[in-house]
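Examining the three-dimensional arrangement
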Amino acid sequence: MNEHSGDASSVHGVPTRHGHADPEPPPFGKRYWEDHWARAGRRAPAPANPYVVSATADLPPGSALDAGCGVGAEAIALAERGWKVTGADISPAALSTARARTEDAAARIEWVDADLTRWEPERTWDLVVTNYAHPDSGQLAFYRRLASWVAPGGSLLVIAHAAGGGHGHHPVEALASAEGVAGVLPSDEWVVDLSEEHDREVARGAQTLRLRDLVVRARRR
């Protein structure tokens, strides 16, 4: 479910044998992500998002959930810094690649095949991270769900494509705002420790993608 490369696009209806289009499936469902990671498998995996690393640098390592882990770059980076990580994603193709990359960190990472919009983990984590994860439930409903998996005193880290950031290649379903994220975190339960937007460039083959990222870290009281 983790996009990484910044090339997400909507999924369109499929013609039927009668020549009509089926109703458009929800964007960012399982079929979308399997297709995405099948295409991505033909190129080298991207490095970990730098904001996952920088925004967690002052946190003591504990248990972490990388929600929508994709091929595992962020989960691996956290494990290398001492976190005990659960990497969960809807795409078996992505998880297969992630497992193949983690021989050295395997003891600190558990990979879970799960639809995070329906998964009931029955546990909490000291840190829950989501990095460019685009579920078919919508961004804000997804963040609200992830927040319920953060242990008291733990942190939620949201990295998303910023709304209003000029992402012509991203559908509106993939965008988020600081106000929107804060709005699903009641102030009597949460303290927002970090809320920033950053511009950066990411090389993707011969193409350079210009991204505007939203970074929000909140602590559960």
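Residues numbered from 1 in each chain as written. Predicted model: local features only at pLDDT ≥ 70, side-chain atom pairs only at ≥ 80, totals over all residues. Heavy atoms only, no water.

Under an unreviewed UniProt entry, the name given to the chain is Class I SAM-dependent methyltransferase, and the source organism is Microbacterium resistens.

**Some words on helix H3 (residues 73-80)**
Rule in force here: Relative accessibility thresholds used throughout: buried, under 20% of the residue-type maximum; exposed, over 50%; partly exposed, between the two (1.4 Å probe, protein chains only). A run of H or I in DSSP counts as a helix once it spans at least four residues, and a run of E counts as a strand once it spans at least two, with each numbered from the N terminus.
With 7 of its 8 residues buried, H3 lies for the most part within the structure. Taken together, the buried positions of H3 are occupied by Ala73, Glu74, Ala75, Ile76, Ala77, Leu78 and Ala79. The positive-phi residue at the C-terminal boundary of H3 is Gly82, with phi of around 100°.

**Digging into the nonpolar core**
Note the cut-off: What we call a nonpolar core is a set of buried Ala, Val, Leu, Ile, Met, Phe, Trp, Tyr and Cys residues that are connected through their side-chain atoms within 4.5 Å. Whether two residues are in contact is decided by their heavy atoms, any of which lying within 4.5 Å being enough.
Ranked by internal contacts, the top residues of the largest apolar core, which has 29 residues, are Leu65, Trp119, Val128, Tyr143, Trp149, Leu156 and Leu185. For this core, the elements supplying multiple residues, two or more each, are strand S1 (63-67), strand S4 (125-131), helix H5 (139-147), strand S5 (150-162), helix H6 (178-183) and strand S8 (207-220). Per-element tally for this core: the top contributor is S5, with 5 residues. Ignoring anything within four residues of it in the chain, the contact list for Leu185 reads Ala147, Leu156, Trp190 and Ala218.

**Things to note about the side chain of Gln139**
This is how the line gets drawn: For this analysis, a polar contact is any N or O atom pair within 3.5 Å, provided that within protein one partner can donate a hydrogen and the other can accept it, and provided that sequence-adjacent residues contribute only side-chain to side-chain pairs.
Checked against the element boundaries, Gln139 lands in helix H5. Only 3.3 Å separates the side chain of Gln139 from the backbone oxygen of Ala133, close enough to count as a polar contact. Beyond its immediate sequence surroundings of up to four residues, Gln139 is in contact with Ala133, His134, Glu173, Ala174 and Leu175.

**Things to note about the side chain of Arg217**
Tracing the chain through its elements places Arg217 in strand S8. A polar atom in the side chain of Arg217 sits 2.7 Å from the backbone oxygen of Ala55. Beyond its immediate stretch of four places on either side in the chain, Arg217 contacts Ala55, Thr56, Asp58, Leu59, Ser155, Leu156, Leu157, Val191, Val192, Asp193 and Leu194.

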